[in-house]
Every structure is written in C-alpha cells, then in structure tokens.
Amino acid sequence: MISDTFVPARRMSPEERTDPLLGPGGRYIVGVDGSASSRAALTWAAARTLPDGAISLVGIADDDAGSVGAEYGDDVARRLAHVLSDAADDLLNRYPTARITTAVERGMVADTLARAADQRDVVVIGSDKTGYARGRMFGLRAVQLAAAVRGTMTVVPSIDLRLCTGVAVAVADLQNAPALAQRGAQEAARRGCSLAIVHAVSSGGQLRSAYRDDVLAAARTAALDTDSNLDVWAHVAQRHPSDAILNLSRDKALLVVGRSRQTSALGVGQTLHEVLMNANAPTVVVS
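Residues numbered from 1 in each chain as written. Predicted model: local features only at pLDDT ≥ 70, side-chain atom pairs only at ≥ 80, totals over all residues. Heavy atoms only, no water.

**Some thoughts on the overall build of the chain**
Summing up its helical and strand segments, the chain has nine helices and ten strands in all. Here the chain holds 287 residues, and the buried ones make up 51% of them. When the accessible surface of the chain is split by element, carbon and sulfur atoms take 49% of a total near 13,300 Å². (Helix = DSSP H or I, 4+ residues; strand = E, 2+ residues; numbered from the N terminus. Buried < 20%, exposed > 50% of the residue type's maximum accessible area, 1.4 Å probe, protein only. Areas by Shrake-Rupley, 256 points an atom, 1.4 Å probe, with all protein chains shown as cover.)

Encoded structure:
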C-alpha cells in the first residue's frame, strides 16, 4: 500500500481535468524510495492525477550519504525495483487503466530527477520532518531539487492533509505576481476553495508601501480575471518573508511560490531555502 490515508481521486469533468501545474502532455514524476516521505509524495501525486493522467515512479540509487540511509549498489537498485513494482501494482489495482511507468536510475537525487523531467512535467518529492537531523536532510534534498529543476516541482511534507483546505500564493514583485496569482487561482477554482495571497516585506516606508500595494493589486486582479467568483484574500505581512509564508500555509492544501531571482551558493534564494527546509504544506515551486 502506498499510504494508509490514500484518498482515491474522483473522475473529473473535462473542464476540471486540466491541471494548472502541468503543461500539455505533462506527467507527475515522483521520487520513490519506500520512505514515509516518498509515500506521502506518491499519495499526493496519485490522488491528484489518477485515473486520467500519467505518473512516473523513479527510484534513485544515490551513494551520496543520507538519501535512504544505506550504501548503494546492485542490492539497493534491486530493492528499489521491488519498491517501485509494489507501488505501481497498488495503483493499478485501484486504477487498471492508469498510465504508470517505473524506472531505477543511478546518480545524485536532484540531478537525476531534474534530467527525467521537461518543462511540461511536475517533479514531486517528499519531505520528512519527524526529526531534526532527518528533517534537515530531506529539506536539503528539496533545496537541491529547486536549484536543479527548471520546470515545476512540488515538495510534499509527511503530514495529514485531510483537514487542510485552501490555496496560498506568495508573491514578491510586479514581475511574478500576476503569473503566480493566476496559477494559484486556477488551482483554487479546480478545488472549489478560497485563495490567499501574501506579499511579505521586512520594513515599511512610503515608496515601499506604494509598491507593495501595486504588487497585491496586480496579483488580485490576475486572480479574479482567472475566475471572478473566487474568494480572494490578499494581505501584506510586515515580517520576515519565510515566516509570513509558512504562517499562511500551515493549514493550506497547497502553497504556490516562485523560483528565486537572486540565488545563494545553494542555488536558491534565502526565502525559498527557508520555506523548503520547513515546508508545512504541499509546496509548488514554479519558474
């Protein structure tokens, strides 16, 4: 079984079937290693895309320390093949016509998953925050993936999502605000839920105040242009950006954020780094 809390997806109408996270002909590519975090990622992707979409399960024999806590080699590759086969069989038992592929690859996790995807796809990994060291390791995998993947990626934390509702979008500037808000609005319309938009700033000031109002106005307009019936809540948070984003997303079913324009040595900006290291909702990172 891929999860004790698997919720089968209902068959959607043609209008609902369009996934705002995927490009035309895209698929979900899920990193699977048998851990609780990867089961959470697979559960999320399967519930979202099956029975109508395509999903690819990828196991990676990575001898970089910490991936699944074991040395890699032929034995690990065989174990991963069994894990993927069992997960695929479980999904096919639920959805006999589902389009599921599996592959075992060798290499670094982030780089290998990035190579497996193109701009149409969504790469999905889990993040396990059950312990300090373990949480840091899986959080770091998410940061590495965000730096490597050029398309869309999703990080799914190992939490109970059944009571989570609503979509949150974090916007940073006028360049990305409309596109991110549109993506969030499409997702909220698909789910039939509310949309919360946050623009976080660390300090005030007259010019900055006018600019942040423009950012939120552009985001809200783009969201309502997407669906005029949406319940849209837009808010400026005067606090550290990652704190504001994590506070907003803690009870949400999905968080949408943009990829950093300014990067650190890790390949992502400080805010995205901190959000991914502490993800408390399924977090979608888009270009």
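**Focus: the pattern of salt bridges**
By the definition in use, this model includes nine salt bridges. In this structure, Asp 160 engages Arg 162 in a salt bridge whose closest nitrogen and oxygen atoms are separated by 2.7 Å. Asp 160 sits in the partly exposed class, given a relative accessible area of 44%. With a closest N to O distance of 2.6 Å, Glu 187 and Arg 191 form a salt bridge. Of this pair, Glu 187 and Arg 191 both sit in helix H6 (residues 177-191), separated by four residues, roughly a single helical turn. For Arg 191, a relative accessible area of 37% gives the class partly exposed. Each of Asp 19, Arg 48, Glu 187 and Arg 191 takes part in one network of salt bridges that share partners. (Salt bridge = Lys/Arg side-chain N within 4 Å of Asp/Glu carboxyl O.)

**Structural notes on unusual backbone geometry**
If a residue is not glycine, its phi is most likely negative; likewise, a peptide bond is most likely trans. Cis rather than trans, the peptide bond between Leu 50 and Pro 51 has omega equal to 10°. Relative to the elements of secondary structure, Pro 51 occurs in the loop between helix H2 (36-49) and strand S2 (54-61).

**Examining the confidence of the model for the chain**
Do not read the fine detail of predicted coordinates wherever pLDDT is low. Here the chain averages 84 in pLDDT, while 82% of its residues score no lower than 70. Looking at the elements of the chain, mean pLDDT is at its lowest for helix H1 (residues 14-17), recorded as 47, and at its highest for strand S6 (residues 167-170), recorded as 98. Low pLDDT, under 50, characterises residues 1-16; the stretch is placed with 34 contacts to residues that sit more than four places away or in other chains. Per-residue pLDDT stays below 50 along residues 65-70; that stretch engages in twelve contacts with residues further than four places along the chain or on separate chains. (pLDDT = per-residue confidence, 0-100. Contact = heavy atoms within 4.5 Å.)

**Things to note about the environment of Gln 186**
With respect to the secondary-structure elements, Gln 186 resides in helix H6. Taking the C-alpha atoms as reference, Gln 186 lies 9.1 Å from Leu 21; in sequence the two are 165 residues apart. Contact partners of Gln 186, with chain neighbours within four places excluded, come to Pro 20 and Thr 226.

**Observations regarding the sheet that holds strand S5 (residues 152-157)**
The strand order across the open sheet built from ten strands is S3-S2-S1-S4-S5-S10-S9-S6-S7-S8, with neighbouring strands paired in mixed fashion. Edge positions in the sheet fall to strand S3 (99-106) and strand S8 (232-238), since each has one partner strand and no second. Here the strands of the sheet are splayed against their neighbours by 20° on average, with no regard to which way each runs. Sheet analysis places strand S1 (residues 28-31) next to S2, joined by four bridges and oriented parallel. When the sheet's bridge partners are listed, Gly 31 is paired in S2 with Val 58. Set on the sheet, H2 makes contact with S1, S2, strand S4 (122-127), S5 and strand S9 (254-258); between it and S1 the angle comes to about 165°. (Pairing = 2+ DSSP bridges. Axes fitted to C-alpha atoms, helices over the stretch in contact; angles between N-to-C directions.)

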